[in-house]
There are 2 protein chains.
Amino acid sequence: MKNYSRQREEVLEELKGTYDHPTAEEIYKRVKLKDEMISRSTVYRNLNELVENKIVKRFSSSNSNDRYDYIDEVHNHAVCLKCGKIFDFKYRFNFNRIKETVEEQTGVIIENEGIVFEGICKDCMNEQNNK
Amino acid sequence: MKNYSRQREEVLEELKGTYDHPTAEEIYKRVKLKDEMISRSTVYRNLNELVENKIVKRFSSSNSNDRYDYIDEVHNHAVCLKCGKIFDFKYRFNFNRIKETVEEQTGVIIENEGIVFEGICKDCMNEQNNK
DNA sequence: CATAAAACTAGGAATTGTTATTATTTTATA
DNA sequence: TATAAAATAATAACAATTCCTAGTTTTATG
């Protein structure tokens, strides 16, 4: 992946400028405001390439579409299993020890942003209690 | 959710009897071997209900379909970001402290099986190196 | 600067996992 | 055993994403 595509820059810039972990469709709509001609498949293709090259992280959940986050400084993510929203936070792990254990037992090689916490967010918790 | 449905029992039994974290389609095919008449949507509906009732855990990833695991004894999961496969392992966390931190900073309430490790598995790592 | 090769794009068609719908069957219970 | 609630089978519908084709832009090289 080289870097000369204007469209790819637009997609990446959109992700750099926001902290709300948008979906592909949201990114498409936002980029389209500045670049009327860009197509949906271009956004999808470039998101895939950015993820492939570890410039962007993708989150999947079954109750929301995939969401994306530009990888800048190290932080962890908590994902709501109900609505799929992503929340940033910081925690100092003994990352090397965890990495070793996971690798020994499973063969899976993880990186810093590879520890994901899944649960239920406040909003969804309240909604659950109110019915 | 009451418990009298033969079809739901078949789906759950299938998950109890395996440790390979199958997809909905795989579960459907396996159950269908024993119960020729069961329909795809019945499998999907029952999986949703089992997840909803915390009897089964669902994993989402963008390079594979959702996968399912019967929740029995506590263990952690490592997910391959390339192929979506799930690997079991055990690690003693200071779970309460992590739970507190996540909750304070994000409002997300996690449970034991809510810590997921994402990385690249051996097979995918080799594949990557061989091209 | 000319030009050929490589990489990328737009736009829509096609695919695919999942859910919704509807008519039917099963279950609980009085 | 009558009846209402819940679950089912089968298929249609849906929505997110990828694929495909032709055309455009960029890059590399002489």
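This structure is a prediction, so every number in the text was calculated from the model and none was measured.

### Concerning the overall build of chain A
Then, number 1: Each helix and strand counted, chain A has five helices and five strands in total.
Then, number 2: For the C-alpha atoms alone, the extent of chain A along its principal axes is close to 45 × 45 × 20 Å.
Then, number 3: When the 131 residues of chain A are sorted by exposure, 47% land in the buried category.
Then, number 4: For chain A, the proportion of contacts with a sequence separation of at least 24, taken over those separated by at least 6, is 44%.

### What to know about the packing of aromatic side chains
Residue and element names in this part refer to chain A.
Then, number 1: In total, this model carries two aromatic pairs over all chains according to the counting rule given.
Then, number 2: Ring plane angle 70 degrees and centroid distance 5.5 Å describe the contact between Phe89 and Phe117, whose orientation is recorded as edge-to-face. A residue pair is termed long-range when its members are at least 10 positions apart, and Phe89 in strand β4 (residues 86–89) and Phe117 in strand β5 (residues 109–120) qualify at 28 residues.
Then, number 3: Residue Phe117 is classed as buried on the basis of its relative accessible area of 0%.
Then, number 4: Note that Lys57 overlies the ring of Phe59, its terminal NZ or CZ placed 5.0 Å from the centroid.

### Remarks on the protein's contact with DNA strand C
Then, number 1: In the vicinity of DNA strand C there are 18 residues, among which Tyr4, Ser5, Thr42 and Arg45 of chain A together with Tyr44 of chain B approach most closely.
Then, number 2: Of all atoms in DNA strand C that approach within 4 Å of the protein, 80% are sugar or phosphate atoms.
Then, number 3: The backbone of Ser39 of chain A places a nitrogen or oxygen atom 3.2 Å from a phosphate oxygen of DNA strand C.
Then, number 4: Listing elements by their share of the surface near DNA strand C, those giving two or more residues are α1 (6–16) and α3 (40–52) of chain A together with α3 (40–52) and β2 (64–70) of chain B.
Then, number 5: Tallied by class, residues from the surface near DNA strand C come to five nonpolar, nine polar and four charged.

### A short note on the pattern of salt bridges
Residue and element names in this part refer to chain A.
Then, number 1: Considering all chains together, one arrives at 23 salt bridges over all chains under this definition.
Then, number 2: The salt bridge partner of Glu14 is Arg30, with a shortest N-O separation of 3.7 Å. With Glu14 in helix α1 and Arg30 in helix α2 (residues 24–34), the pair connects residues that are 16 residues apart, well separated along the chain.
Then, number 3: A relative accessible area of 24% places Arg30 in the partly exposed class.
Then, number 4: Connected via shared salt-bridge partners are Glu14, Asp20, Arg30 and Lys34.

### Some words on the protein's contact with DNA strand D
Then, number 1: Taken together, 18 residues are adjacent to DNA strand D, and Tyr4 and Tyr44 of chain A together with Ser5, Thr42 and Arg45 of chain B come closest.
Then, number 2: Put simply, 78% of the atoms of DNA strand D that lie within 4 Å of the protein are in sugar or phosphate.
Then, number 3: Within the side chain of Gln7 of chain B, a nitrogen or oxygen atom sits 3.0 Å from a sugar or linking oxygen of DNA strand D.
Then, number 4: Between DNA strand D and Met37 of chain B, the relevant distance is 3.4 Å, taken from a phosphate oxygen to a main-chain nitrogen or oxygen of the residue.
Then, number 5: Per-class residue counts for the surface near DNA strand D are five nonpolar, nine polar and four charged.

### Some points on the domain arrangement of chain A
Residues and elements named next belong to chain A.
Then, number 1: Here chain A is partitioned into domain 1 (1–72) and domain 2 (74–131).
Then, number 2: A straight line from the C-alpha centre of domain 1 to that of domain 2 covers 22 Å.
Then, number 3: Listed by partner, the interface residues are eleven residues for domain 1 and 13 residues for domain 2.
Then, number 4: Glu111 is the partner of Lys54 in a salt bridge, and the nearest nitrogen-oxygen pair spans 2.5 Å.
Then, number 5: At the junction of domain 1 and domain 2, the tally comes to eight residue pairs in polar contact (both at pLDDT 80 or more).
Then, number 6: Among the secondary structure elements, those contributing two or more residues to the side of domain 1 that touches domain 2 are β1 (56–61) and β2 (64–70).

### Description of the sheet that holds strand β5 (residues 109–120) of chain B
Then, number 1: With respect to topology, six strands assemble into an open sheet ordered β4(A)-β3(A)-β5(A)-β5(B)-β3(B)-β4(B), the strand pairing being mixed. Both outer strands of the open sheet, β4 of chain A together with β4 (86–89) of chain B, are each paired with one neighbouring strand and no more. Adjacent strand axes in the sheet meet at a mean angle of 30 degrees when their direction is disregarded.
Then, number 2: Alignment of strand β3 (residues 76–80) of chain B against β5 of chain B, held across four bridges, turns out to be parallel. Each bridged residue has a counterpart across the sheet, and for Cys80 of chain B the counterpart in β5 of chain B is Gly119 of chain B.
Then, number 3: Running over the sheet, helix α4 (residues 95–106) of chain B touches β3 (76–80), β4 and β5 of chain A together with β5 of chain B and is turned about 95 degrees from β5 of chain B.

The rules we used
- Residues numbered from 1 in each chain as written.
- Chains lettered and ligands numbered in written order.
- Predicted model: local features only at pLDDT ≥ 70, side-chain atom pairs only at ≥ 80, totals over all residues.
- Heavy atoms only, no water.
- Helix = DSSP H or I, 4+ residues; strand = E, 2+ residues; numbered from the N terminus.
- Buried < 20%, exposed > 50% of the residue type's maximum accessible area, 1.4 Å probe, protein only.
- Contact = heavy atoms within 4.5 Å.
- Phe/Tyr/Trp six-rings, centres within 6.5 Å; stacked < 30°, edge-to-face > 60°.
- Lys NZ or Arg CZ within 6 Å of the ring centre and 35° of its normal.
- Near = heavy atom within 4 Å.
- Polar contact = N/O pair within 3.5 Å; in protein donor to acceptor, adjacent residues only side chain to side chain.
- Nonpolar A, V, L, I, M, F, W, Y, C, P; charged D, E, K, R; others polar.
- Salt bridge = Lys/Arg side-chain N within 4 Å of Asp/Glu carboxyl O.
- Domains from an automatic or database assignment.
- Pairing = 2+ DSSP bridges.
- Axes fitted to C-alpha atoms, helices over the stretch in contact; angles between N-to-C directions.

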